[in-house]
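One-letter residues, chain by chain:
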Amino acid sequence: MSGQNVRSFSVHRGSVLDGEFTLRVKPEMFQEASDQSFFGKPKSDRKFNIRIKQHDILLFDALAEQEGVSRSVLINRLLHDFLRDELMSVQDDDARALLAVAADEQANYDYLAQSWVLDAIGSDFHHILRNILEFNDRNEQQPSDHPGAPENQFNSEAFIGLSNKLKGIKK
């Protein structure tokens with residue numbers, strides 16, 4: 001297999017998926033899959049034009065060169081990190097998860113994309129995964145049923161407010 005079809009990369013995000021990986025692409029497999037609807041819908045990213053000051057572009061270029069990536073990759077990475085930080089600043093877990101689910105429902109993800117929900121509940125996901133792998137138990141607590149209680153009795157006020165706002169903007 002030629003070297004152009006092999007890529008090695010590292011993952012260091014503080015998760016169970018950290019490590020060194022090698023990706024081997026077999027072009028002959030893509031020919032077979034191209035005739036089928038194997039990959040589902042194609043990824044469609046919306047593109048936006050923004051105005052950036054020249055001195056900021058120079059800094060983007062310098063940082064991108066230092067990291068060995070293109071300017072657009074650096075800008076997308078910074079934007080994603082900023083959005084993740086903003087999402088994680090929502091204190092109530094249910095409201096944070098609701099925002100992530102609403103964003104994910106509007107997205108047209110490909111099979112390699114990481115959803116916002118994973119970012120929103122990442123630490124809880126890793127905790128549950130560790131419990132399953134180590135103890136075969138999610139250690140999940142279910143709220144007891146209360147007859148006559150409102151549907152959202154366990155949700156925060158932020159969740160209820162966001163839920164009501166999101167109902168108005170659903171497609």
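Fair warning: this is a prediction, and the values are worked out from it, not measured in the lab. (Residues numbered from 1 in each chain as written. Predicted model: local features only at pLDDT ≥ 70, side-chain atom pairs only at ≥ 80, totals over all residues. Heavy atoms only, no water.)

Chemist: Run through the confidence of the model for the chain, naming residues and quoting values.
Modeler: Any region with low pLDDT has predicted coordinates that should not be read closely. Scored by pLDDT, the chain comes out at a mean of 76, with 69% of its residues at no less than 70. Taking the mean pLDDT of every element in the chain, the minimum, 60, falls on helix H1 (residues 27-34) and the maximum, 93, on helix H2 (residues 54-67). Every residue in residues 33-38 scores below 50 in pLDDT, and together they form three contacts with partners more than four places removed in sequence or on other chains. (pLDDT = per-residue confidence, 0-100. Helix = DSSP H or I, 4+ residues; strand = E, 2+ residues; numbered from the N terminus. Contact = heavy atoms within 4.5 Å.)

Chemist: Report on a nonpolar patch on the surface, specifying residues and quantitative values.
Modeler: On the surface, Phe-9, Phe-21 and Leu-23 cluster together into a nonpolar patch covering about 270 Å² of accessible area. Residue placement: Phe-21 occurs in strand S2 (residues 19-24). (Patch = residues over 30% accessible without salt bridge, like charges linked within 9 Å, V, L, I, M, F, W, Y side chains within 5 Å. Areas by Shrake-Rupley, 256 points an atom, 1.4 Å probe, with all protein chains shown as cover. Salt bridge = Lys/Arg side-chain N within 4 Å of Asp/Glu carboxyl O.)

Chemist: Describe the side chain of Asp-104, listing the residues and the values that go with them.
Modeler: Structurally, Asp-104 can be placed in helix H4 (residues 93-106). Owing to a relative accessible area of 13%, Asp-104 belongs among the buried residues under this scheme. Leaving out residues up to four positions away in the same chain, Asp-104 has contacts with Tyr-109, Ser-115, Trp-116 and Val-117. (Buried < 20%, exposed > 50% of the residue type's maximum accessible area, 1.4 Å probe, protein only.)

Chemist: Provide a residue-level description of helix H7 (residues 157-169), including the pertinent values.
Modeler: Taking 1.5 Å per residue as the helical rise, H7 with its 13 residues ought to reach 18 Å, and the 19 Å between its terminal C-alpha atoms agrees with that figure. Buried residues of H7: Phe-159, Ser-163 and Leu-166, and no others. Taken down its axis, H7 places every buried residue within 70 degrees of arc, on the same side. Residues of H7 that are exposed and angled more than 90 degrees away from the buried face: Glu-157, Lys-165 and Gly-168. Elements that come into contact with the buried residues of H7 comprise H4. (Expected span 1.5 Å × (residues − 1). Arc of directions from axis to C-beta.)

Chemist: Could you give me a rundown of H2, with the residues and numbers involved?
Modeler: Helix length check: H2, at 14 residues, gives a terminal C-alpha distance of 20 Å against a target of 20 Å (1.5 Å per residue), a fit within 8%. If you check which residues of H2 are buried, you get Ile-57, Phe-60 and Ala-64. Seen end-on, H2 carries its buried residues on one side only, within an arc spanning 55 degrees. Along H2, exposed side chains directed more than 90 degrees from the buried face belong to His-55, Leu-58, Glu-65 and Gln-66. The inward-facing, buried residues of H2 abut helix H3 (71-88).

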